[in-house]
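Here are the chains, one letter per residue:
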Amino acid sequence: MIELEGVPELIDPVMVAAFEGWNDAGDAASTAVAHLDREWKGEVFAALDAEDYYDFQVNRPTVWLDNGVRKITWPTTRLSVVRVGGEKPRDLVLVRGIEPSMRWRSFCNEILGFAHELGVEMVVILGALLGDTPHTRPVPVSGVTSDPDLARTMDLEETRYEGPTGIVGILQEACTHAGVPAVSLWAAVPHYVSQPPNPKATLALLNRLEDLIGLRIPLGELPEDARAWQLGVDQLASEDSEVAEYVQTLEEARDTAELPEASGEAIAREFERYLRRREPGQGPGLATDGGDTSYLRDTSSGRTRPPKPEQPGPESAPEPTEQEPPREGEGSDGDAEE
């Protein structure tokens, strides 16, 4: 039973989603949404029925003790709302869960049902993949969409990918069929250091999200964590001559490829981000470091599931929005949609 009591009419809401699993190299995407939820003190208002979408032999429930009482946490997907303050407040609907084991089209329709009922204006889905990118350089983040108009107005890439996809790709395609603007942001994680966490990739996703939706995101300790992560990988690489040589090869390839990319547009984006953080209380849509969540109320009363939009047909299943994580020695330097 899905509960949706106590959620008021939202202000210019944007849905931001991430899912653990295949689309979440280094846990970078799911950690980004968890960071938003923690910094803006989000409160969960709904959770999908775990038995509808998860194989518990693949994603097992966990048992824990609460003051001596044993309790069970089931793997699922939860939704929360945060209100971002500033001169022009707006709301974010945060979707955080695990890639479902089954019934993906129904899963996406349920998410879209919430988006429809809450008046969501745009869906942003975060993902991370393995790539031939050096840890010493800025993390490549690709912004892609299936909507040609959105690609043109928001300076995004129109996806041309063909191949295996995950729930990120399926959800974006479902949004397209339902007429909901949707964007996927993909961070490239070095394949030779893929184990989580990867705070540098998480930070890159949040910076790109900040640019996309025009909000100042409080970063907390993430910048320091990212620096510490890079220093740790530097040390490990320096202890192995073959790894150090390989990283140098990646650096040279990256630097050569990006020489034409040192454009005025890229410099302007960095300068705008600097100004936002230098003057946190000025300008339209700038967020405060805290969120007002007092408007959320107890959601214990039951409510039936929100109406679901028309289910996309089988022909929408192949989703050209992402790249299968490359095997070691392969990849495209983080170009998720080339």
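Scroll up a little and you will see the structure.
Predicted model, so just to flag it, every value in this text is computed and none were measured.

A look at the sheet that holds strand E2 (residues 43–47)
Strand order in this open sheet of eight strands is E2-E5-E6-E1-E7-E10-E8-E9, and the pairing throughout is mixed. Unpaired on one side and paired on the other, E2 and strand E9 (157–158) mark the two borders of the sheet. As paired elements, strand E8 (residues 141–145) and E9 share two bridges and run parallel to each other. Paired with threonine 145 across the two strands is glutamate 158, which belongs to E9.

Structural notes on the pattern of salt bridges
Evaluated as defined, the whole model comprises seven salt bridges. Taking the shortest distance from any N to any O, the salt bridge between arginine 83 and aspartate 91 comes out at 2.8 Å. Since its relative accessible area comes to 0%, aspartate 91 is described here as buried. A salt bridge links glutamate 224 to arginine 227; its shortest N-O distance comes to 2.9 Å. Placement of both glutamate 224 and arginine 227 in helix H7 (residues 222–238) is noted, with a separation of three residues, approximately one turn of the helix. The exposure class assigned to glutamate 224 is partly exposed, which follows from its relative accessible area of 46%. Connected through shared salt-bridge partners, Arg137, Glu251 and Asp255 make up one network.

Some points on the packing of aromatic side chains
A full pass over the atoms with the stated rule returns five aromatic pairs. Here phenylalanine 45 and phenylalanine 114 contribute two aromatic rings whose centre-to-centre distance is 6.3 Å and whose plane-to-plane angle is 75°, an arrangement assigned as edge-to-face. Taken together, the residues phenylalanine 45 in strand E2 and phenylalanine 114 in helix H3 (residues 104–118) connect sequence positions 69 residues apart. For the pair phenylalanine 45 and phenylalanine 114, one class covers both residues: buried. A centroid spacing of 6.1 Å and a plane angle of 85° characterise the contact between tyrosine 192 and tyrosine 246, whose relative ring orientation is edge-to-face. Here the residue tyrosine 192 occupies a position in the loop between strand E10 (182–190) and helix H6 (199–213), and tyrosine 246 occupies one in helix H8 (residues 241–258), the gap between them amounting to 54 residues. For tyrosine 192, a relative accessible area of 23% puts it in the partly exposed group. Joined through ring pairs, the aromatic side chains of Phe19, Tyr53 and Phe107 make up one cluster.

Here we look at a nonpolar patch on the surface
On the surface, Val63, Ile72 and Trp74 cluster together into a nonpolar patch covering about 290 Å² of accessible area. Residue position: tryptophan 74 is located in the loop between strand E4 (69–73) and strand E5 (78–84). The class of tryptophan 74 is partly exposed, set by a relative accessible area of 40%.

A closer look at helix H1 (residues 28–39)
For H1, with twelve residues, the first-to-last C-alpha span of 16 Å sits near the 16 Å given by 1.5 Å per residue. Along H1, the residues that are buried comprise Ala28, Ala29, Ser30, Ala32, Val33, Ala34, His35 and Leu36. Where H1 is buried, its residues contact strand E1 (14–20), strand E6 (90–98), strand E7 (122–131), H6 and H7. Downstream of H1 by one or two residues, lysine 41 has phi in the positive range, about 55°.

Focus: the packing of H3 against helix H5 (residues 167–178)
Close contact between H3 and H5 brings their axes to 10 Å; oriented N to C, the two are set at 55°. Classified by the interaxial angle, the pair formed by H3 and H5 is oblique. For the pair H3 and H5, the crossing hand works out as right-handed. Across the interface between the two elements, Trp104, Phe107, Cys108, Ile111 and Leu112 from H3 touch Ile167, Ile170, Leu171, Ala174, Cys175 and Ala178 from H5.

A few points about a negative patch on the surface
A surface patch of negative charge is lined by Glu239, Asp240, Glu242 and Glu245. Considering the arrangement of structural elements, one finds glutamate 239 in the loop between H7 and H8. Glutamate 239 gets classed as exposed once you look at its relative accessible area, which sits at 58%.

Analysis parameters
Residues numbered from 1 in each chain as written. Predicted model: local features only at pLDDT ≥ 70, side-chain atom pairs only at ≥ 80, totals over all residues. Heavy atoms only, no water. Pairing = 2+ DSSP bridges. Helix = DSSP H or I, 4+ residues; strand = E, 2+ residues; numbered from the N terminus. Salt bridge = Lys/Arg side-chain N within 4 Å of Asp/Glu carboxyl O. Buried < 20%, exposed > 50% of the residue type's maximum accessible area, 1.4 Å probe, protein only. Phe/Tyr/Trp six-rings, centres within 6.5 Å; stacked < 30°, edge-to-face > 60°. Patch = residues over 30% accessible without salt bridge, like charges linked within 9 Å, V, L, I, M, F, W, Y side chains within 5 Å. Areas by Shrake-Rupley, 256 points an atom, 1.4 Å probe, with all protein chains shown as cover. Expected span 1.5 Å × (residues − 1). Contact = heavy atoms within 4.5 Å. Axes fitted to C-alpha atoms, helices over the stretch in contact; angles between N-to-C directions. Parallel < 35°, antiparallel > 145°, perpendicular 65-115°, else oblique. Left-handed = near helix turned anticlockwise from the far one by under 90°. Lys, Arg positive; Asp, Glu negative; His and termini not counted. Charge placed at Lys NZ, Arg CZ, Asp CG, Glu CD.

Honestly, that's just the spatial picture; any functional story needs more than this.
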